[in-house]
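Summary of the model geometry
The primary structure of each chain is shown beneath.
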Protein chains: 2
Amino acid sequence: MAIVPSPHAAGSAPLEQPQREAPSALTIRRTESLASLVRKELERMIVSGELRGGDRLNEQALAERLQVSRGPIREACRSLEQTGLVEVQVNRGTFVRQIELKEALEIYEVRSALFGLAGQLLAQDASPALLARLKGLLERMDAASDNLDAYYPLNVEFHATLVDSAGNGHLAATYHALAKQLHLFRRRGLVPRESMKVSNREHWAMYEAIARGDAAEAQALMQAHIRAGKGRLIKMTRAETVAPPALAEDD
Amino acid sequence: MAIVPSPHAAGSAPLEQPQREAPSALTIRRTESLASLVRKELERMIVSGELRGGDRLNEQALAERLQVSRGPIREACRSLEQTGLVEVQVNRGTFVRQIELKEALEIYEVRSALFGLAGQLLAQDASPALLARLKGLLERMDAASDNLDAYYPLNVEFHATLVDSAGNGHLAATYHALAKQLHLFRRRGLVPRESMKVSNREHWAMYEAIARGDAAEAQALMQAHIRAGKGRLIKMTRAETVAPPALAEDD
DNA sequence: GCCCTGTAAATTGTCAACAGTTTTCAATCC
DNA sequence: GGATTGAAAACTGTTGACAATTTACAGGGC
């Protein structure tokens, strides 16, 4: 089943080469390759759900749609192949990968280990400014705990702040790459309301372990936090219920 | 400094398209793209040290050398970019990445967390056949502990067996990808002889924790094992001494 | 109806050419 | 000698054409 992305889908237009302010013939030069722009656009389409697992990326159609030649499309696909978002099959094309439950659980496991490591590192070295920022997020999440639409972005931001502040670029990059891949998993489960309160209590506990510099405790709590999310994922898939968007930071 | 790989370097020849046995005009078809073959060859060149950090990959020269057009070279470079082995700079070319100590230490940290997770998973579910295999490797390493050339490959195999047997593909893939990147770090330290005995004592301890199903102990020991390697890396760089090849599984 | 065959259309993989950008190098000036 | 300039060479980014492979589909047989 080859689904060619609709030419009228929201968001996809010819790619714009980044330009400096007040561009003129003397100042315009290439600062980003088309291949790079195509890669980002395809990532956006995958993460947003516009492209779904199993969809085939038709080079010719994409080239026409994005108004580039097929070369940059091919290059972008090679990039996406290595990040695990697509699979390139020789002579047959490039397909958005599909992730089954087993693989999603594997990703959760690896993420939980990385999240735990982030906790360890943070507890060893968290600045007052970071702690204040985390606390602010926690308080806003408390205030939003009756409203998923408000809570969820804060939750995502809290998680990302933790990982990005751990002082290890490879940790952050790996964690985020895995999160992106989780978008390929399309089973969705309801997030019960009480779950947000539980979720933020766990967040507070993590924060407190970090603040008092307890590395072992922070690691254990943060690893367990993602694992709890894994447990909920299993429950959701059993319930076969339907629910809101992405899973990557689904507490 | 752009170093174009020497046309006479060992190992690099025109790429061979995989063929089935007794190929004829009727049976030959493409089973692997040139881009994929090029990627593998470039990886080999990087991991083997033939290409070093900072080297520029000249598309034209490589195309001539490997007897392909520049397209597959470009595609391969996009792949390598995402795996962290090279850096693509628009309009300037593709460069083998260089890793400084700070980044090497980051990689060690992430690897230690992943290795610890492998221990956790193995302790929860290790088959008798796997345990027997690990024990065999341990015994061979004991016998080889006076001989680095014999010890080192066994050590690599032991580590890979652990990670590959943990039952989590993403864990293994991530771990190995990071190991590959460590080849970009070019400071080398002497591996003292006593270090192999210490190293294998730690291996035995890990094995025993796994065998008795002690997940927490296995995780801690295995995480500590890589961290000890990290500590040795720091010491080596301070000593500024020179020593044998790759670091990725340098206990 | 299903299965097989053959052909055309569609698509992918690669190549070479062209345009744009950067690097190299010679000449000139101080 | 060092700094600057300008042109040529080298290289990268993209495109379109061609070759190879796969897919789609029509027609025929059972």
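For the structure, check the block above.
These figures come from a predicted structure and were not determined experimentally. (Residues numbered from 1 in each chain as written. Chains lettered and ligands numbered in written order. Predicted model: local features only at pLDDT ≥ 70, side-chain atom pairs only at ≥ 80, totals over all residues. Heavy atoms only, no water.)

Let's shift gears to the packing of helix H6 (residues 148-164) of chain B against helix H7 (residues 169-182) of chain B. For any two helices packed against each other, one specifies the inter-axial angle together with the distance between the axes. All names here are of chain B. Interhelical geometry of H6 versus H7 gives an angle of 145° and a closest axis separation of 8 Å. Two secondary-structure elements touch here, H6 through His-159, Ala-160, Val-163 and Asp-164 and H7 through Leu-171, Ala-172, Tyr-175 and His-176. Taken together, the residues of the contact of H6 with H7 break down into 5 nonpolar, 2 polar and 1 charged. (Axes fitted to C-alpha atoms, helices over the stretch in contact; angles between N-to-C directions. Helix = DSSP H or I, 4+ residues; strand = E, 2+ residues; numbered from the N terminus. Contact = heavy atoms within 4.5 Å. Nonpolar A, V, L, I, M, F, W, Y, C, P; charged D, E, K, R; others polar.)

The subject of this paragraph is the protein's contact with DNA strand D. Taken together, 25 residues sit near DNA strand D, with Leu-34, Ser-69 and Arg-92 of chain A together with Arg-70 and Arg-74 of chain B positioned nearest. Backbone atoms, meaning sugar and phosphate, make up 79% of the atoms of DNA strand D lying within 4 Å of the protein. Residue Ser-69 of chain A places a main-chain N or O atom 2.5 Å away from a phosphate oxygen belonging to DNA strand D. One of the side-chain nitrogen or oxygen atoms of Arg-92 of chain A is found 2.8 Å away from a phosphate oxygen of DNA strand D. Elements with a contribution of two residues or more to the surface near DNA strand D: helix H1 (34-47) and helix H3 (70-82) of chain A together with strand E1 (56-57), helix H2 (59-66) and helix H3 (70-82) of chain B. Among the elements that line the surface near DNA strand D, the one with the most residues is H3 of chain A, at 3 residues. The residue makeup of the surface near DNA strand D, split by class, is 6 nonpolar, 9 polar and 10 charged. (Near = heavy atom within 4 Å. Polar contact = N/O pair within 3.5 Å; in protein donor to acceptor, adjacent residues only side chain to side chain.)

A few words on the interface of chain B and chain A. Listed per partner, the contact involves 37 residues of chain B and 37 residues of chain A. The junction of chain B with chain A conceals about 2,900 Å² of combined surface from both sides, 51% of it contributed by carbon and sulfur atoms. Three residues stand out in chain B for area buried against chain A, namely Glu-75, Arg-78 and His-170 of chain B, and they jointly supply 22% of the buried area on that side. In this assembly, chain B and chain A are joined by 4 salt bridges. A salt bridge links Glu-75 of chain A to Arg-78 of chain B; the nearest nitrogen and oxygen atoms lie 3.0 Å apart. Between the two partners, chain B and chain A, sit 18 residue pairs in polar contact (both at pLDDT 80 or more). Listed by contribution, the elements that provide at least two residues to the side of chain B that touches chain A are helix H1 (34-48), H3, helix H4 (101-124), H7 and helix H9 (215-239) of chain B. By residue number, the principal contributor to the side of chain B that touches chain A is H4 of chain B, which donates 11 residues. When the residues that make up the side of chain B that touches chain A are grouped by side-chain class, the tally is 10 nonpolar, 15 polar and 12 charged. (Buried area = accessible area lost by both parts, 1.4 Å probe. Salt bridge = Lys/Arg side-chain N within 4 Å of Asp/Glu carboxyl O.)

The rolling of a water-molecule-sized probe over the atoms marks out the regions of remaining empty space. Here the largest pocket is characterised by a volume of approximately 1,100 Å³. Surrounding the largest pocket, 37 residues form its lining, Gln-82 and Thr-83 of chain A together with Gln-82, Thr-83 and Ala-177 of chain B being those nearest its centre. Counting residues per element, the ones that place at least two in the lining of the largest pocket are H1, H3 and helix H7 (169-182) of chain A together with H1, H3 and H7 of chain B. Broken down by element, the residue count for the lining of the largest pocket peaks at 9 residues, all from H7 of chain A. A class-by-class count of the residues in the lining of the largest pocket yields 10 nonpolar, 15 polar and 12 charged. (1 Å grid on protein atoms, 1.4 Å probe; cavity = no way out; pocket = protein on both sides within 12 Å on 5 of 7 lines; lining within 4 Å. Points joined across faces, edges and corners; volume = space filled by probe spheres on them.)

On to the sheet that holds strand E2 (residues 86-89) of chain B. By definition, the strands of a sheet pair up through backbone hydrogen bonds, in either a parallel or an antiparallel sense. Residue and element names in this part refer to chain B. As summarised here, the arrangement of the 3 strands in space is E1-E3-E2, forming an open sheet in which the pairing is antiparallel. At either end of the open sheet lies a strand with only one pairing partner, and these are E1 and E2. With 4 bridges connecting them, E2 and strand E3 (residues 93-96) associate as antiparallel partners. Bridge pairing in E3 places Gln-89 opposite Gly-93. Across the sheet, H3 touches E1, E2 and E3, and the angle it forms with E2 is around 120°. (Pairing = 2+ DSSP bridges.)

Before going further, it helps to spend a moment on helix H5 (residues 128-143) of chain A. Two residues of an α-helix separated by three or four positions point the same way, owing to the 3.6 residues in each turn. Residues and elements named next belong to chain A. The end-to-end C-alpha distance of H5, which contains 16 residues, comes to 23 Å, matching closely the 22 Å that a straight helix rising 1.5 Å per residue would cover. The set of residues buried in H5 consists of Leu-130, Leu-131, Leu-134, Leu-137, Leu-138 and Met-141. For H5, the angular spread of buried residues about the axis comes to 125°, placing them on one side. Exposed positions of H5 whose direction lies more than 90 degrees from the buried face are Pro-128, Ala-129 and Ala-143. (Expected span 1.5 Å × (residues − 1). Buried < 20%, exposed > 50% of the residue type's maximum accessible area, 1.4 Å probe, protein only. Arc of directions from axis to C-beta.)

Residues and elements named next belong to chain A. Strand order across the open sheet formed by 3 strands is E1-E3-E2, with antiparallel pairing between neighbours. For this open sheet the edge positions go to strand E1 (56-57) and strand E2 (86-89), each flanked by a neighbour on one side alone. The sheet contacts of H3 involve E1, E2 and strand E3 (93-96), and relative to E2 the element is tilted by about 120°.

Quick look at the relation of the copies chain B and chain A now. With an axial shift of 0.0 Å and an RMSD of 0.0 Å, the rotation relating chain B to chain A amounts to 180°. Taken together, the rotation and translation relating the two chain copies correspond to the operation of a two-fold axis. A high fraction, 100%, of the interface residues of chain B reappear at the interface in chain A, so the copies pair face to face through one surface. (Least-squares fit on C-alpha atoms with pLDDT ≥ 70 in both.)

Another aspect to go through is the protein's contact with DNA strand C. In the region of DNA strand C, 24 residues are neighbours, and Arg-70 and Arg-74 of chain A together with Leu-34, Ser-69 and Arg-92 of chain B sit closest. Near the protein, meaning within 4 Å, the atoms of DNA strand C are sugar or phosphate in a fraction of 80%, with bases accounting for the rest. In this structure, Arg-56 of chain A approaches DNA strand C through a side-chain N or O atom, which is 3.1 Å from a sugar or linking oxygen. Contact distances for DNA strand C include 2.9 Å between a phosphate oxygen and a side-chain N or O atom of Arg-92 of chain B. Mapped onto the surface near DNA strand C, the elements with two or more residues apiece are E1, helix H2 (59-66) and H3 of chain A together with H1 and H3 of chain B.

Judged by nonpolar contacts, the single largest core of 128 residues is most densely connected at Leu-42 and Leu-162 of chain A together with Leu-42 and Leu-162 of chain B. Contact partners of Leu-162 of chain A, with chain neighbours within four places excluded, come to Phe-115, Ala-118, Leu-122, Leu-134, Met-206, Ile-210 and Met-222 of chain A. (Core = buried A, V, L, I, M, F, W, Y, C linked by side-chain atoms within 4.5 Å.)

In this section: the packing of aromatic side chains. The relative placement of two aromatic rings is captured by the distance of their centres and the angle of their planes. Applying the stated criterion across every chain yields a total of 4 aromatic pairs over all chains. A ring pair is formed by Trp-204 of chain A and Tyr-207 of chain A, whose centres lie 5.8 Å apart and whose planes are at 90°; its orientation type is edge-to-face. Within this pair, Trp-204 of chain A and its partner Tyr-207 of chain A are both found in helix H8 (residues 193-211), separated by 3 residues, close to a single helical turn. The class of Tyr-207 of chain A is buried, set by a relative accessible area of 12%. With a centroid separation of 5.7 Å and 25° between ring planes, the pair formed by Phe-115 of chain B and Tyr-175 of chain B is classed as stacked. Within this pair, whereas Phe-115 of chain B is found in helix H4, its partner Tyr-175 of chain B is found in helix H7, the two being separated by 60 residues in sequence. (Phe/Tyr/Trp six-rings, centres within 6.5 Å; stacked < 30°, edge-to-face > 60°.)

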